[in-house]
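# Structural overview
As a plain string of letters, each chain reads:
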Amino acid sequence: MVEPYEIIIRGARLRGYDLSKRYDVAISDGRIAEIKEHIPEHGEREIDAKGRLVVPSFYNMHFHLDSVLTLGDPKFNESGTLWEGIAIWAEYKKRISVEDVLRRVEEFVKWSVVNGVTYIRTHADCTEKTLTGVKALIRARDEFKDLIDIQVTAFPQDGILTEPDNAEYLRKAVEMGADNVGMIPHNEYTREDAVESIKIAFEIAKEFNRDVDGHVDETDDPISRNLEVVAKYTLKYGWVGRVTAGHVTASHSWDPAYRYRILPLIRKAGITIIANPLINIYLQGRFDTYPKRRGMAPIKMYLENGINVTLGHDCVLDPWYPLGTGNMLHALFMAIHVDQMMGWSDLFKALDLITVNAAKAWRKGAEQYGLAKGKRADLLILNALTDVDALRNLEPPLYVIRHGKLIADNTAPERQYKIYYKGKWETIDLNFKKALNK
Ligand code: FE2
């Protein structure tokens, strides 16, 4: 007798497939076992998608789990600036404990999962001398592994060369088991130190065979040109495809002649740019009066030049960002507005920024990610008919399936929109059906 499939999703629209058709998706052993217009067998669990859109699950590629949910402690950031945020965090981290971090991370991991995010790459501040955040996030990676995949980047928040021991702390954090090596060259005292700090990060990456994941040029200063140095060392150390650069807001302000020279180099080095639209549109441009610059890495420019781009949420309810639920559609929504990526066909590519592009930069298991037979069953059933509806309603998915198991169900009846009209209750569908004929 043939074993039944563990889950069959019935009647779904599938991202990247013919939207005029509905498909059944069978799942067994953590994989997509079959995709067909009709699967005759039964599943142990059957989910009627009612024509809703199935997409692979979302990535949050740049996030600070060690500070998540600390908003207001020891005080609120009233100026809303990066610098006041750093000062508040410096106070908070004096009394950070592993238990405190794990408690906050557990809550946020749950929020992420119900929002369809099953991969988070987090930065762990390793300039805090006890390395408590690093220890806690390495533990969190293991403790919450049934809900989410976590990658930890050792992150020298205060700089690698600004204190005599910081380089050693960075090395120690990687030795303790951090997945990636971080850096923050624009925060070093001089250009020379910035260059040296990048070299140190690459040496540690080489010593421990780790990828590099930097905070790079998170400033409006167009002559903060550390990305070119990161590219140089990527090529020199043979790390092509293994390097991500987060924020890179200075690139918004680059001179066109510099763009012309630098973009082919970034492409050649295979560097992925990680934009953080929510936080950078809020934190950047603070020295401008009016007009104010858009403080976000120019996503469209990078993509048009063959450079991979993905997104992070960066922060939620912490000294730098007072909003957020961990919903990556919010970050994506901001990105496509700020960078004017709402041409009709752009809208159908936008989800790439938090799905396939992210999987490429995450690297581990990237070849098993996607919506095809044999791929890992990390799937979301969205309350949307197309990508356009997902970008309009920004709702958490109806269901989240991870490694072939149903791990979130957001279909409680109170989530339905209903109005009382002409003597009866009516359910309102906010989807835009015309978008099916794209
Ligand atoms: Fe960051």
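Residues numbered from 1 in each chain as written. Predicted model: local features only at pLDDT ≥ 70, side-chain atom pairs only at ≥ 80, totals over all residues. Heavy atoms only, no water.

Turning to the overall build of the protein chain, a few remarks are in order. When helices and strands are tallied, the protein chain shows 13 helices and 18 strands. Expected size for 438 residues packed as a compact globule is a radius of gyration near 22 Å; at 22 Å, the protein chain falls within 12% of this value. The dimensions of the protein chain, computed from C-alpha atoms along their principal axes, are 65 × 50 × 45 Å. In the protein chain, which comprises 438 residues, the share counted as buried stands at 59%. Taking the contacts inside the protein chain whose residues are at least 6 apart along the sequence as the reference set, 76% of them involve residues at least 24 apart. As presented, the protein chain carries roughly 18,600 Å² of accessible surface, and 53% of it is formed by carbon and sulfur atoms. With 59 positive and 62 negative side-chain charges, the protein chain shows a spacing of 5 Å between the two charge centroids. (Helix = DSSP H or I, 4+ residues; strand = E, 2+ residues; numbered from the N terminus. Rg over C-alpha atoms; globule rule 2.2 N^0.38 Å. Buried < 20%, exposed > 50% of the residue type's maximum accessible area, 1.4 Å probe, protein only. Contact = heavy atoms within 4.5 Å. Areas by Shrake-Rupley, 256 points an atom, 1.4 Å probe, with all protein chains shown as cover. Lys, Arg positive; Asp, Glu negative; His and termini not counted. Charge placed at Lys NZ, Arg CZ, Asp CG, Glu CD.)

Glancing now at the domain arrangement of the protein chain. How big an interface is tends to be reported as the loss of accessible area on association of its parts. Structurally, the protein chain comprises domain 1 (5-56 + 370-433) and domain 2 (58-367). Placing the centre of domain 1 and that of domain 2 at their C-alpha centroids yields a distance of 31 Å. Contacts between the two partners involve 25 residues from domain 1 and, on the opposite side, 29 residues from domain 2. Together domain 1 and domain 2 conceal approximately 2,100 Å² of surface at their shared face, both sides included; 62% is due to carbon and sulfur atoms. At the junction of domain 1 with domain 2, the criterion picks out 2 salt bridges. Across the pair arginine 15 and aspartate 352 runs a salt bridge whose closest N-O atoms are separated by 2.9 Å. At the level of secondary structure, the elements contributing two or more residues to the side of domain 1 that touches domain 2 comprise β5 (53-56), α13 (387-393), β15 (399-402) and β16 (405-409). The greatest single-element share of the side of domain 1 that touches domain 2, amounting to 4 residues, is contributed by α13. Here the residues of the side of domain 1 that touches domain 2 sort into 15 nonpolar, 3 polar and 7 charged. (Domains from an automatic or database assignment. Buried area = accessible area lost by both parts, 1.4 Å probe. Salt bridge = Lys/Arg side-chain N within 4 Å of Asp/Glu carboxyl O. Nonpolar A, V, L, I, M, F, W, Y, C, P; charged D, E, K, R; others polar.)

The next point concerns the coordination of the iron ion. The iron ion binds to the protein through His62 (NE2), His64 (NE2), His215 (NE2), His247 (NE2) and Asp314 (OD); the donor distances cover 2.2 to 2.6 Å. Mapped onto the sequence, the residues coordinating the iron ion show the spacing H-x1-H-x150-H-x31-H-x66-D. Of this pair, histidine 247 sits in strand β11 (residues 243-247) while aspartate 314 sits in the loop between β13 (309-311) and α10 (328-338), and the two are 67 residues apart along the sequence. Its relative accessible area of 1% is what places histidine 247 among the buried residues. (Donors = N, O, S within 2.8 Å, 3.2 Å for Na, K, Ca; no water.)

If you trace the backbone, tryptophan 83 turns up in helix α1 (residues 82-92). A sequence separation of 240 residues divides tryptophan 83 from leucine 323, and the C-alpha atoms of the two residues are 18 Å apart. Those residues in contact with tryptophan 83 that sit more than four places away from it in its chain are Arg286 and Phe287.

With that settled, consider the nonpolar core. Ranked by size, the top nonpolar core spans 109 residues in total, and within it Phe202, Leu227, Ile271, Ile273, Tyr302 and Leu332 carry the most contacts. A domain-level breakdown of this core finds at least three residues from each of domain 1 (5-56 + 370-433) and domain 2 (58-367). Setting aside chain neighbours within four positions, we find phenylalanine 202 in contact with Met183, Val212, Val230, Tyr233, Thr234, Tyr237, Trp239 and Val243. Judged by nonpolar contacts, the second largest core, of 19 residues, contains Tyr23, Ile35, Leu371 and Leu398. (Core = buried A, V, L, I, M, F, W, Y, C linked by side-chain atoms within 4.5 Å.)

Right, let's get into the pattern of salt bridges. Applying the stated rule across the entire model yields 32 salt bridges. Taking the shortest distance from any N to any O, the salt bridge between arginine 139 and glutamate 143 comes out at 3.7 Å. Of this pair, arginine 139 and glutamate 143 both sit in helix α3 (residues 132-143), 4 residues apart, which is roughly one turn of the helix. Overall, the relative accessible area of 42% leaves arginine 139 in the partly exposed class. Beyond isolated ion pairs, a larger network of salt bridges with shared partners links Arg10, Asp24 and Glu46.

With that settled, the discussion passes to helix α7 (residues 256-268). Between its terminal C-alpha atoms α7 stretches 19 Å, which fits the 18 Å expected from 13 residues at 1.5 Å a residue. The sharpest bend along α7 comes to roughly 30 degrees, located at isoleucine 262, with the proline proline 264 sitting one to four residues further on. Residues Tyr258, Arg259, Ile262, Leu263 and Ile266 constitute the buried set of α7. In the core, the buried residues of α7 are packed alongside α6 (226-236), β12 (272-275) and α9 (299-304). N-capping of α7 is provided by aspartate 255, with a side-chain oxygen placed 2.9 Å from the backbone N of alanine 257. One or two residues past the end of α7 sits glycine 270, with phi positive at roughly 65 degrees. (Expected span 1.5 Å × (residues − 1). Bend = angle between axes of the 7 residues up to and from the residue. Polar contact = N/O pair within 3.5 Å; in protein donor to acceptor, adjacent residues only side chain to side chain.)

Look at any regular strand and the pattern is simple: side chains alternate between the two faces of the sheet. Within strand β8 (residues 149-155), 6 of the 7 residues are buried, which leaves the element mostly enclosed by the surrounding structure. Running through α3, the crossover from strand β7 (residues 117-125) to the neighbouring parallel element β8 is right-handed. (Right-handed = clockwise from strand over helix to strand, strands pointing away.)

Moving on to the packing of helix α5 (residues 191-208) against α6. If you want to describe how two helices pack, look at the angle between their axes and the distance between the axes. Following both chains from N to C, one finds α5 and α6 inclined at 35 degrees, their axes separated by 10 Å at the closest point. The handedness of the crossing between α5 and α6 comes out as right-handed. Residues Arg191, Ala194, Val195, Ile198, Lys199 and Phe202 of α5 form the contact with α6, whose participating residues are Asn226, Glu228, Val229, Val230, Tyr233 and Thr234. Split into classes, the residues belonging to the contact of α5 with α6 amount to 7 nonpolar, 2 polar and 3 charged. (Axes fitted to C-alpha atoms, helices over the stretch in contact; angles between N-to-C directions. Left-handed = near helix turned anticlockwise from the far one by under 90°.)

Two aromatic rings are characterised by how far apart their centres lie and by the angle between their planes. Within this structure, the stated rule accounts for 18 aromatic pairs. Judged by centre distance (4.0 Å) and plane angle (10 degrees), the rings of tyrosine 59 and tyrosine 119 are stacked. Taken as a pair, tyrosine 59 in strand β6 (residues 58-63) and tyrosine 119 in strand β7 lie far apart in primary sequence, 60 residues in all. The same class applies to tyrosine 59 and to tyrosine 119, which are both buried. We note arginine 242 situated over the ring of tryptophan 239; from NZ or CZ to the ring centre the distance is 4.3 Å. When the ring centre of tyrosine 282 is taken as origin, the NZ or CZ atom of arginine 286, which lies over that ring, is 5.1 Å away. (Phe/Tyr/Trp six-rings, centres within 6.5 Å; stacked < 30°, edge-to-face > 60°. Lys NZ or Arg CZ within 6 Å of the ring centre and 35° of its normal.)

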